[in-house]
Amino acid sequence: MKKYVEKNDVVVLIDSNFRKYIVDTNSKTDKIKGVGVLDPSSLIGKEYGKQLEIGNKQFWILLPSVQDKLQSVHRRAQIILPRDAAHILINCSIESGQHVLEGGIGSGSLTIALASAVAPNGKIISYDVREDFIEHALKNIRKTGLEQYVSTKLKDITKEIEEKELDAIILDIPNPWEAIENVWNALKVGGYFCSYSPLISQVEKTVKELRKHSFIEIKTFENIQREMVVSIHGTRPSFDMLGHTGYLTFARKILQS
Ligand SMILES: C[S@@+](CC[C@H](N)C(=O)[O-])C[C@H]1O[C@@H](n2cnc3c(N)ncnc32)[C@H](O)[C@@H]1O
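Residues numbered from 1 in each chain as written. Predicted model: local features only at pLDDT ≥ 70, side-chain atom pairs only at ≥ 80, totals over all residues. Heavy atoms only, no water.

1. Looking at the overall build of the protein
- What the protein contains, in helices and strands, is six helices and 15 strands.
- For 257 residues, the compact-globule estimate of 2.2 N^0.38 gives 18 Å, and the C-alpha radius of gyration of the protein, at 20 Å, lies within 12% of that figure.
- Dimensions of the protein, computed from C-alpha atoms along their principal axes, come out at roughly 65 × 45 × 35 Å.
- Relative to its full complement of 257 residues, the protein shows a buried share of 47%.
- Counted over contacts in the protein with a minimum sequence separation of 6, partners at least 24 positions apart contribute 64%.
- A distance of 3 Å separates the average location of the 34 positive side-chain charges in the protein from that of its 32 negative side-chain charges. (Helix = DSSP H or I, 4+ residues; strand = E, 2+ residues; numbered from the N terminus. Rg over C-alpha atoms; globule rule 2.2 N^0.38 Å. Buried < 20%, exposed > 50% of the residue type's maximum accessible area, 1.4 Å probe, protein only. Contact = heavy atoms within 4.5 Å. Lys, Arg positive; Asp, Glu negative; His and termini not counted. Charge placed at Lys NZ, Arg CZ, Asp CG, Glu CD.)

2. A few points about the pairing of strand E10 (residues 166–171)
- When you tally the buried positions in E10, you get six out of six residues, the bulk of the element.
- Pairing between strand E7 (residues 99–103) and E10: four bridges, direction parallel. When the sheet's bridge partners are listed, Glu 102 is paired in E10 with Ile 170.
- Each parallel crossover has a hand, and for E10 linked through helix H5 (residues 180–186) to strand E11 (residues 187–197) it is right-handed. (Pairing = 2+ DSSP bridges. Right-handed = clockwise from strand over helix to strand, strands pointing away.)

3. Focus: the pattern of salt bridges
- Taken as a whole and assessed by the stated rule, the structure comprises 17 salt bridges.
- Two residues, Lys 2 and Asp 9, come together in a salt bridge whose shortest N-O distance is 2.5 Å.
- A residue is classified by how much of its surface remains accessible, and Lys 2, at 33% relative accessible area, is partly exposed.
- For Asp 9, a relative accessible area of 5% translates into the label buried.
- Lys 212 is the salt-bridge partner of Glu 209, the closest N and O atoms lying 3.1 Å from each other.
- Lys 212 gets classed as exposed once you look at its relative accessible area, which sits at 58%.
- Residues joined in a network through salt bridges with shared partners are Lys 153, Lys 155, Glu 160, Glu 162 and Glu 163. (Salt bridge = Lys/Arg side-chain N within 4 Å of Asp/Glu carboxyl O.)

4. Points about the site of the ligand
- Contacts to the ligand come from 23 residues, most closely from Ile 80, Asp 128, Asp 156, Ile 157 and Asp 172.
- A distance of 3.1 Å separates an oxygen atom of the ligand from a polar backbone atom of Leu 110.
- Out of a free accessible area of 610 Å², the ligand has 89% covered by protein chains.
- Counting atoms within 2 Å of the grid points, the majority share of the ligand lands in the second largest pocket.
- Per-class residue counts for the shell around the ligand are eleven nonpolar, seven polar and five charged. (Near = heavy atom within 4 Å. Polar contact = N/O pair within 3.5 Å; in protein donor to acceptor, adjacent residues only side chain to side chain. Areas by Shrake-Rupley, 256 points an atom, 1.4 Å probe, with all protein chains shown as cover. 1 Å grid on protein atoms, 1.4 Å probe; cavity = no way out; pocket = protein on both sides within 12 Å on 5 of 7 lines; lining within 4 Å. Sits in = over half its atoms within 2 Å of the grid points. Nonpolar A, V, L, I, M, F, W, Y, C, P; charged D, E, K, R; others polar.)

5. Here we look at the nonpolar core
- Among the nonpolar cores identified, the biggest contains 33 residues, and Ile 88, Cys 92, Ile 94, Val 100, Leu 114, Ile 141 and Ile 170 are the most heavily contacted of them.
- Elements represented by at least two residues in this core include exactly helix H2 (82–91), helix H3 (109–118), helix H4 (131–144), E10, E11 and strand E15 (247–253).
- Setting aside its immediate chain neighbours within four residues, Val 100 contacts Ile 94, Leu 114, Val 118, Lys 123, Ile 124, Ile 125, Ala 168 and Ile 170. (Core = buried A, V, L, I, M, F, W, Y, C linked by side-chain atoms within 4.5 Å.)

6. A short note on the environment of Lys 50
- In this structure, Lys 50 sits in the loop between strand E4 (36–38) and strand E5 (51–54).
- As a C-alpha pair, Lys 50 and Ile 61 span eleven residues in sequence and 6.2 Å in three-dimensional space.
- When near neighbours in sequence (up to four residues on either side) are disregarded, Lys 50 contacts Phe 59, Trp 60 and Ile 61.
- Here the side chain of Lys 50 touches Glu 47 through a polar contact of 3.1 Å, side chain to side chain.

In structure tokens, the structure reads:
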């Protein structure tokens, strides 16, 4: 375990409101809200775990966890939040060394969770129909130091999937049911599928299409999570509960009997 920040380290700065900023000590400058421009090399030599002053603000400095990386993503499209990403990782049995396809990349939030899980020998292939989203996502991914585990393709996943024998395919697109035929052809036997959709109507169309192909363990979930606020006066659920995010539909490829 490193004690002090070294050259080439990627660190996370956490302010007193637990806002997080991933900083690559190699980059020339970085902007931090309420502080302005920071010279990242000035962090080299600081002790991990200690609080330090930048501008007039206090920050803890740590090596970034996957959670820190996900929480510092700059969003453009709606992202898959850590609570749903965690569910996807376990239900699709994503492990180090696997090849996983994702469509679309959006802001790259799920990509970061997937890349962390398949590193250091696996690969995430991300399709998106919009070049601007790919560029935006890659900016977020580069900040986390995971770019070597991600390759992107400007492609419509409902039209074609070039890869074969994939361990898992995860879709976060408006019309996942239109990609099911391609998904079945591209997965290895026993490979996992997951689709993230905000609407029940999308889930119904996707499950209908899954049932036309050889898939087992077709299941849909909604994750509901409540934070508990623990204070000296007592403990209660947080008033800021995050409501609906999306439905997660899972399935596993088998061969026709
Ligand atoms: C909601 S965003 C994905 C967010 C992403 N999961 C994240 O966590 O940051 C949906 C993305 O799917 C892309 N998309 C929509 N239809 C697509 C398709 N048929 N093939 C590939 N990408 C598609 C959009 O351009 C958009 O970037």
